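Chain by chain, the residues:
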Amino acid sequence: MSQIVPMKHQIPYSTQCITDEDIQAVVDVLKSPYLTQGPQVDAFEEIIAKKVNAKYAVALNNGTTALHLANAILLQNTPKHKKVITTPITFVASANATLYCGNTVEFVDIDPNTFLIDFNQIEDKLKQNPNSYAGITAVSFAGLPIDTKELKKIANKYNVWILEDASHAPGAYINYENEKVFSASCNYTDMATCSFHPVKHIACGEGGIVTTNNEKHYKQLKKLRTHGITKNSYEFVNNVTDEAWYHEMQDLGFNYRISDILCALGISQTKKLEESIAKRHILVQKYKQELNKINEIVFQKVPANAYHAYHLLVIRTDKRKALFNYLKQLNINCQVHYIPAHLMPYYQNLGCKIGTLQNAEQYYKECLSIPLYPHMTTDQQDYVIEKIKAFYEQ
Ligand SMILES: *Cc1c(COP(=O)(O)O)cnc(C)c1O
């Protein structure tokens, strides 16, 4: 029937959306005195903190280093035998960052409907061994915000911290009775992180950020980002006030800085965050309308009070592999998010066992992220929908 097939083009599961304003913002920085450690970094932190409603934000070179510094600070003074709980249905960096600090990870199964970590199973773990855990890294997977207010009640009972990996979820929020809580706001968490990899909501090329409402953590983040060095005289250990070049290395930090070039792109991208999520919602609504009639497709369950950021649109289907291959030969490139982290050879070698997290493992057999990006055209979406329908009708 319809000949709207952009066969020359590949339809990706996701891709960045770069406008002329984005390009101009980068060019402006290239003509300015500062390529790095300049004013764009502070301005980027300010706009992100404002968007997610957090007090402080520290921009870094990627989302993984953001997770590393958050773990390093939250785990300081914590014995190495204490573990951090996280979900297996995430990018491996959510777990790896804990290992960087010498502590270990305990994977907890997901809720098969929301695909998010199962709070009941978290509480079971904490109850069984109340002194074995330091914290929880909760992932707002696909853009569906973790119910941090509820999780905080559990965390308080067992005295563990919460780190939200909000890589998928800037702009997402939960409407509670008297309160709107944004992902990465840290209203009910200790810290949160985002990634600015090009497939995420805000594209910097590479980039990340940590948000917090804790001033002490904020100062530590800034110091650890740049070799553990401070130039602020009020922070000096030694009493030196009259030597303008003087600075102190006080901790073993890193070079995890992000450049002004990337921050300028990030600022320009962040201005369009709400608009781009709204566009994703319109696309998702159409996908659901068209595909809901297919009994073999199940969508992620979204609680009524949650505003999803739709970084990913994940479906579950028994015929995942066949559907993936069918769409691929039509240049529709879907993706699988994620191979459960506990099944990776590295984590298997650390002692993780196949068959222990059955909801996650079953989910992995069925999950498929179908194409979704804010500038997806009607023709492209109609083509994807038509082919998915054709697959189930054959
Ligand atoms: C992308 C991502 C990361 C890592 O971010 P990078 O910027 O690629 O280092 C961490 N956690 C999740 C859930 C992610 O999707």
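Anything mentioned here points back to the structure above.
Residues numbered from 1 in each chain as written. Predicted model: local features only at pLDDT ≥ 70, side-chain atom pairs only at ≥ 80, totals over all residues. Heavy atoms only, no water.

Colleague: For the pairing of strand β1 (residues 56-60), give the residues involved together with the corresponding values.
Modeller: The buried fraction of β1 amounts to five of the five residues, a majority that puts the element mostly inside the structure. Looking at chain direction, β1 and strand β9 (residues 208-212) are connected through five bridges and run antiparallel. Of the residues in β9, the one forming a bridge with A57 is T211. (Buried < 20%, exposed > 50% of the residue type's maximum accessible area, 1.4 Å probe, protein only. Helix = DSSP H or I, 4+ residues; strand = E, 2+ residues; numbered from the N terminus. Pairing = 2+ DSSP bridges.)

Colleague: Residues and numbers for the side chain of H308, please.
Modeller: Here H308 shows up in the loop between β13 (306-307) and β14 (313-316). Judged by relative accessible area, which is 1%, H308 ranks as buried. Within the local environment of H308, its side chain forms a polar contact with the backbone nitrogen of Y310, the two atoms lying 2.8 Å apart. With residues near it in sequence (within four places) discarded, H308 still touches A142, G143, L144, P145, I277, H281, Q300 and V302. (Polar contact = N/O pair within 3.5 Å; in protein donor to acceptor, adjacent residues only side chain to side chain. Contact = heavy atoms within 4.5 Å.)

Colleague: Before we move on, can you summarise the sheet that holds β14 with the specific residues and values?
Modeller: Sheet architecture is open: three strands sit in the order β12-β14-β15, paired in antiparallel fashion. The open sheet has two free edges, formed respectively by β12 (298-299) and β15 (367-370), since each of these has just one partner strand. Relative to β14, β12 runs antiparallel, the two sharing two bridges. By the bridge assignment for β14, F299 is matched with I315.

Colleague: If you had to explain the sheet that holds strand β3 (residues 104-107) to someone new, which residues and values would you point to?
Modeller: Taken together, seven strands build an open sheet; the order of strands is β1-β9-β8-β5-β4-β2-β3 and the sheet is mixed. A single partner strand is all that each edge strand has here, and the edge strands are β1 and β3. Direction aside, the axes of adjacent strands within the sheet are offset by 25 degrees on average. As judged from the five bridges shared by strand β4 (residues 133-139) and strand β5 (residues 161-165), these two strands associate in the parallel manner. (Axes fitted to C-alpha atoms, helices over the stretch in contact; angles between N-to-C directions.)

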